[in-house]
Amino acid sequence: MPENYTLYGSPDSANLVIRILLKELDQRMKTIWLNRAKQEHQSTAFRALNPQGLMPVLVDDGQPIFETAAIALYLTDKHGALAPQSGTERTRFLQWLFYLSNTLHADLRAKFNCGNYIDGEAEQSALHSGISRRIQRHLVLIEAELARNESGSWFLGECVSVLDFYLGALCRWWQLYPLGNTAGPISQDVLPRIHRLLHELADRPSVVAACTEERINAPYFLAPSPPDLPADQIVG
Ligand SMILES: N[C@@H](CCC(=O)N[C@@H](CS)C(=O)NCC(=O)O)C(=O)O
């Protein structure tokens, strides 16, 4: 069977979300791995696919798409799965997909590398503290949203969606990166619903298969460890 999609990324980068999604959709993919230590994502060839030089990029039938949430929406729309397609749940899904992308993920990027945002050690340390407090508040907000569900442990209640894969990856990175200056664990006492979601997510065959390909060993989302890579390639 031919591969339908080509996914560009590096292990344990945002391509993880798309890899889980493609596996859930039972789609075959070819992976083109980029070595971050060698700055392969900054090459002219890759920037022709994503001018930001950021991973992931998905290529579908010659058409490249970048931005994790855009790829997620493209795939769930195309396959009519892993996202509500209509009604109030569609509205709820869209607002939280954008929240994960432009608030939680964007703030995590700042936490991973404060030096991209401000000069000076003291300034970077202050930014790290401030952004970490913001991210904690985002997680509390998501916990409150999960509490609105009458049943089910997924983001939208009964039905698993790409929101769960995206949240899982973001929580993993929140606890891991930047190496040596990470957040504490996702506490069962403080964030019980997120904790349960992450626990159940780790059991899905799609997640196990995707994490294996991304060189991520269990536990994936709770008390995670860095991917199985040379130290210079482990970057948030
Ligand atoms: N907004 C982008 C962010 C993607 C992103 O942060 N990619 C990281 C890997 S997780 C990356 O390519 N980093 C390389 C760099 O910053 O130079 C998206 O959602 O796709």
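Use the structure listed above.
In what follows, the accompanying structure is described. (Residues numbered from 1 in each chain as written. Predicted model: local features only at pLDDT ≥ 70, side-chain atom pairs only at ≥ 80, totals over all residues. Heavy atoms only, no water.)

### A few points about the packing of helix H1 (residues 15-24) against helix H8 (residues 205-213)
Relative placement of two packed helices is described by the angle separating their axes and the distance separating the axes. Where H1 contacts H8, the axes come no closer than 9 Å and their chain directions differ by 135°. Taken together, the axes of H1 and H8 are oblique relative to one another. You can see that H1 and H8 cross each other, and the crossing is right-handed. Between H1, through Leu-16, Arg-19, Ile-20, Lys-23 and Glu-24, and H8, the contact on the second element is made entirely by Ser-206, Val-207, Ala-209, Ala-210, Cys-211 and Glu-213. For the contact of H1 with H8, the residue count by class is six nonpolar, one polar and four charged. (Axes fitted to C-alpha atoms, helices over the stretch in contact; angles between N-to-C directions. Helix = DSSP H or I, 4+ residues; strand = E, 2+ residues; numbered from the N terminus. Parallel < 35°, antiparallel > 145°, perpendicular 65-115°, else oblique. Left-handed = near helix turned anticlockwise from the far one by under 90°. Contact = heavy atoms within 4.5 Å. Nonpolar A, V, L, I, M, F, W, Y, C, P; charged D, E, K, R; others polar.)

### Some remarks on the pattern of salt bridges
Within this structure, the stated rule accounts for 13 salt bridges. Two residues, Arg-19 and Glu-214, come together in a salt bridge whose shortest N-O distance is 2.7 Å. Linking Arg-19 in helix H1 with Glu-214 in the segment after H8, this pair joins segments that are 195 residues apart in sequence. The residue Arg-90 makes a salt bridge to Asp-77 at a minimum N-O spacing of 3.1 Å. Of this pair, Arg-90 sits in helix H4 (residues 87-112) while Asp-77 sits in helix H3 (residues 68-79), and the two are 13 residues apart along the sequence. The class of Arg-90 is buried, set by a relative accessible area of 16%. Classification of Asp-77 by relative accessible area gives partly exposed; the value is 37%. Linked by salt bridges that have partners in common, Arg-19, Lys-23, Glu-213 and Glu-214 make up one network. (Salt bridge = Lys/Arg side-chain N within 4 Å of Asp/Glu carboxyl O. Buried < 20%, exposed > 50% of the residue type's maximum accessible area, 1.4 Å probe, protein only.)

### Thoughts on the sheet that holds strand E3 (residues 57-60)
By definition, the strands of a sheet pair up through backbone hydrogen bonds, in either a parallel or an antiparallel sense. Spatially, the four strands line up as an open sheet ordered E2-E1-E3-E4, and their pairing is mixed. Strands with a single pairing partner mark the edges of an open sheet, and in this sheet they are strand E2 (29-33) and strand E4 (63-66). On average, adjacent strands in this sheet sit at an angle of 20° to one another, irrespective of strand direction. (Pairing = 2+ DSSP bridges.)

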